[in-house]
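Below are the chains, spelled out letter by letter.
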Amino acid sequence: MNARALMTNLAWSALNVPSERQFRRALRNVRAAQSALLQRMLHENADTEIGRRFGFADIDSPESYRRRVPLSTHEDYEPYLDRIAAGSPAVLTRAPVRLFELSGGSTGAAKRIPYTSALQSQLRRAVAPWMFDLVGNDPRLLAGPSYWAISPAMRTPQDPSSRVPVGFDDDSAYLGGVFKHLVDATLAVPSHVSRMRDLDTFRHITLLYLLRAADLRLVSVWHPTFLELLWEFLVDRWEPLLTDLACGVHHRDPDIRVKADPARARTLGRLGTPTPQAVWPHLRLISCWGDGHARMALRSLQRRFPHCTIQPKGLIATEGIISIPYAGRWPLAVRSHFLEFLETDGTPRFAWELEPGAHYSVVLTTAGGLYRYRLHDLVEVTAFLHNTPCVRFLHKEDHVSDLYGEKLSDGFVAGVVRDLLHRWHTNTPFALLAPRRVPEARDRYVLYIELDDTAELSSPDADADLERALRAAPHYAYCVDLGQLEAASVCRVPPGAFQRYARRLQDQGRRLGDVKPQALSALCNWDDALGVDSAAAKTNLTERSAG
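Residues numbered from 1 in each chain as written. Predicted model: local features only at pLDDT ≥ 70, side-chain atom pairs only at ≥ 80, totals over all residues. Heavy atoms only, no water.

Turning to the overall build of the protein chain, a few remarks are in order. Each helix and strand counted, the protein chain has 18 helices and 18 strands in total. By the burial criterion, 57% of the 547 residues in the protein chain qualify as buried. (Helix = DSSP H or I, 4+ residues; strand = E, 2+ residues; numbered from the N terminus. Buried < 20%, exposed > 50% of the residue type's maximum accessible area, 1.4 Å probe, protein only.)

See the structure below:
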């Protein structure tokens, strides 16, 4: 038992008690909780640019809020965010914007999401009941450290023209205040390790800290493959890791010092071939994405860590937290943000108006300055906890391909393809980016282009051109850097591609009149449907590009 971790975890749990009790009460009276939350946000932000524009001061109910304020998308906020970045106060919120976090965009490479102290407080009101519920169900989680991997290891460079920084310095800063310090004290891997930009070094140092943590109890990551890749790295570097564990490592970052632990290194060295259960026998729970495309990866993770409970996270976005694991279900985080939902025909519903089994698109209002913001996440109501709907994420509805968290959107990809074709001096009747999944190989995105026998690309390396363009999307670049995806490639498609494209969609039940050309498909493995041999087509295209 780790006494320091136990005491810190107990202190964190004690601080979570008031929020957990308030959340439990809110589950029984969703309308009251949501209405009070909305009125507080409108009152606090009435004297802002957007508050004066929509008359926040005169809104006295959720119904009048719906009538007065239109639905919004990120593009609606760009002018406001530009003024915030330039230093203008009281634009979207009275509270100052502490920083922008980046998320994948629908028509651009990245979206800036404003973070305020009030938004951090809303996030804590979701995390508190989740964590309280975890340790209530398994008190042994309190007795050791945790590993939380939240933000990317390769941070986005700052925009020198912006007065608002981009990204938190470390993972625990998401919660802010005293909670940051408590979380820091429970971490097996110091949160500032996420500042490291070299991926191999990041993994090596992360694993050294984790190997020291013989009493590791909880691991929280985003996509299951992140942990799988980390374990594969451990197996590949097992002997060098044990050597560094025995001797200790002093990194050039003065905050990163892995103390020597020769006794632990000898214990691990006696294992021979390592297994997760032998390395971390006290590991109790792994929290990760478990809905949408991530569901397929859960089975592999469970086989790798058979001694652990695998808990799918709720619906957590950069913009806010929609649902949390709690009491064996995934109820809406009704004390965090004001939530609305759109039926398939666009009819808006409040959280207390949802029906079991129905599908809805999520709309949220947050203390960060997003008002009736369309998240474009489609959810299904799976159950109710007391009077609160529990939801399951289905997929992104604004045509996004998201196997591992890369969040490529049709709007962004269309711009990439348009710019590449112009650069390559190429006209084509058909171009489609789609994921290719091949057994015993990493997935990658392939740009299928229809070219006749005389067509040439004026580029010595079309694959590299495509990869550079796609890496403007930060989540895609991160997935490639982690090794979850291989770099993208370009593939020649024989004439008549659109007809074959439409035929595959028809075979899946799509009406021919509804089949339209798109730059991006989330469907995998188009090689057979488009009538090409991928390896031969890629070689042919590369030779033409070089010639």
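Moving on to the pattern of salt bridges. Here the structure, examined in full by the defined rule, presents 26 salt bridges. Across the pair arginine 392 and glutamate 380 runs a salt bridge whose closest N-O atoms are separated by 2.6 Å. Taken as a pair, arginine 392 in strand 13 (residues 388-396) and glutamate 380 in strand 12 (residues 373-385) lie far apart in primary sequence, twelve residues in all. Given the relative accessible area of 18%, glutamate 380 is considered buried. Salt bridges here are not isolated pairs; linked through shared partners, they connect Arg66, Glu340, Glu353 and Arg372. (Salt bridge = Lys/Arg side-chain N within 4 Å of Asp/Glu carboxyl O.)

A few words now on the packing of aromatic side chains. Per the stated rule, a full pass over the model turns up 17 aromatic pairs. With a centroid separation of 5.9 Å and an interplanar angle of 80°, the aromatic rings of tyrosine 65 and phenylalanine 338 are classed as edge-to-face. Within this pair, whereas tyrosine 65 is found in helix 4 (residues 62-68), its partner phenylalanine 338 is found in strand 9 (residues 338-342), the two being separated by 273 residues in sequence. For tyrosine 65, a relative accessible area of 0% gives the class buried. Through pairs of rings, three or more aromatic residues link up here, namely Tyr65, Phe338, Phe350 and Trp352. Positioned above the aromatic ring of phenylalanine 350 is the side chain of arginine 66, whose terminal nitrogen or guanidinium carbon lies 3.7 Å from the ring centre. (Phe/Tyr/Trp six-rings, centres within 6.5 Å; stacked < 30°, edge-to-face > 60°. Lys NZ or Arg CZ within 6 Å of the ring centre and 35° of its normal.)

This part is about the pairing of strand 12. As paired strands, strand 11 (residues 359-365) and strand 12 are joined by five bridges and run antiparallel to one another. Following the sheet pairing, tyrosine 360 is matched in strand 12 by valine 379. Hairpin connection between strand 12 and strand 13: a loop of two residues separates the two successive antiparallel strands, and histidine 386 in this loop has a positive phi of roughly 55°. (Pairing = 2+ DSSP bridges.)

Contact geometry of helix 1 (residues 3-26) with helix 6 (residues 117-137) gives a least axis separation of 8 Å together with a crossing angle of 110°. Taken as axis vectors, helix 1 and helix 6 run roughly perpendicular relative to one another. For the pair formed by helix 1 and helix 6, the contact residues are Trp12, Ser13, Asn16, Val17, Ser19, Glu20 and Phe23 on the first element and Arg125, Val127, Ala128, Pro129, Met131, Phe132 and Val135 on the second. (Axes fitted to C-alpha atoms, helices over the stretch in contact; angles between N-to-C directions. Parallel < 35°, antiparallel > 145°, perpendicular 65-115°, else oblique. Contact = heavy atoms within 4.5 Å.)

Most often, soluble globular proteins keep nonpolar side chains buried together rather than apart. Within the largest apolar cluster, 77 residues are counted, with the highest numbers of intra-cluster contacts made by Phe56, Tyr77, Leu332 and Phe341. Among the elements that make up this core, the one with the highest residue count is helix 6 (eight residues). By size, the runner-up hydrophobic cluster in this structure holds 46 residues, among which are Tyr209, Leu242, Leu245 and Tyr478. (Core = buried A, V, L, I, M, F, W, Y, C linked by side-chain atoms within 4.5 Å.)

Let us look at the sheet that holds strand 11. With antiparallel pairing, five strands are arranged side by side in an open sheet as 10-9-11-12-13. Where the open sheet ends on each side, the last strands, each with one partner, are strand 10 (348-350) and strand 13. Taken over all neighbouring pairs, the strand axes of this sheet differ in orientation by 45° on average, direction set aside.

Let us now look at the sheet that holds strand 4 (residues 218-220). Strand order in the open sheet made by the four strands is 3-4-7-8, with parallel pairing throughout. Each edge of the open sheet carries a strand with a single partner, namely strand 3 (146-148) and strand 8 (309-312). Direction aside, neighbouring strands of the sheet carry axes that sit 10° apart on average. In the sheet, strand 7 (residues 285-288) pairs with strand 8 via four bridges, with the strands oriented parallel. Pairing of isoleucine 286 across the sheet is with isoleucine 310, part of strand 8.

A word on the side chain of glutamate 340. Examined against the element boundaries, glutamate 340 turns out to sit in strand 9. Within polar-contact distance, the side chain of glutamate 340 engages the side chain of arginine 372 at 3.0 Å. Not counting chain neighbours up to four residues away, the residues in contact with glutamate 340 comprise Tyr65, Arg66, Arg349, Phe350, Ser361, Val362, Val363 and Arg372. (Polar contact = N/O pair within 3.5 Å; in protein donor to acceptor, adjacent residues only side chain to side chain.)

With that out of the way, let us pick up unusual backbone geometry. Glycine aside, residues mostly have negative phi angles, and peptide bonds mostly take the trans form. You will see that lysine 407, though not glycine, has its phi angle at about 55°, which is positive. Tracing the sequence through the fold places lysine 407 in the loop between strand 14 (400-401) and strand 15 (408-409). Residue classification places lysine 407 among the partly exposed residues on the basis of a relative accessible area of 23%. A positive phi angle, close to 60°, is found at asparagine 525, a residue other than glycine. Judged by relative accessible area, which is 35%, asparagine 525 ranks as partly exposed.

To continue, consider the side chain of histidine 223. Relative to the elements of secondary structure, histidine 223 occurs in the loop between strand 4 and helix 9 (224-236). Histidine 223 sits in the buried class, given a relative accessible area of 2%. A polar atom in the side chain of histidine 223 sits 2.9 Å from the backbone oxygen of leucine 403. In contact with histidine 223, other than residues within four places in its own chain, are Trp289, Ala294, Ala297, Leu403, Tyr404 and Gln484.

So, on to helix 16 (residues 474-482). In terms of residue burial, helix 16 counts as a mostly covered element, since seven of its nine residues are buried. Taken together, the buried positions of helix 16 are occupied by His475, Tyr476, Ala477, Tyr478, Cys479, Val480 and Leu482. Where helix 16 is buried, its residues contact strand 1 (99-103), helix 8 (199-212), helix 9, strand 15, strand 17 (444-450) and helix 15 (462-470). The positive-phi residue at the C-terminal boundary of helix 16 is glycine 483, with phi of around 90°.

It is worth spelling out the packing of helix 14 (residues 410-423) against helix 15 at this point. For the pair helix 14 and helix 15, interaxial distance at closest approach is 10 Å and the crossing angle is 145°. The handedness of the crossing between helix 14 and helix 15 is right-handed. From helix 14, Phe412, Val416, Leu420 and Arg423 reach across to helix 15, where they touch Asp465, Leu466, Arg468, Ala469 and Leu470. (Left-handed = near helix turned anticlockwise from the far one by under 90°.)

Let's shift gears to the pairing of strand 9. When you tally the buried positions in strand 9, you get five out of five residues, the bulk of the element. Of the two faces of strand 9, both are covered, the one formed by Phe338, Glu340 and Leu342 as well as the one formed by Leu339 and Phe341. Sheet analysis places strand 9 next to strand 11, joined by five bridges and oriented antiparallel. Residue pairing for strand 11: phenylalanine 338 is matched across the bridge by threonine 365. One ladder, built from three bridges, connects strand 9 with strand 10; its direction is antiparallel. Counterpart to phenylalanine 341 in the pairing with strand 10 is arginine 349.

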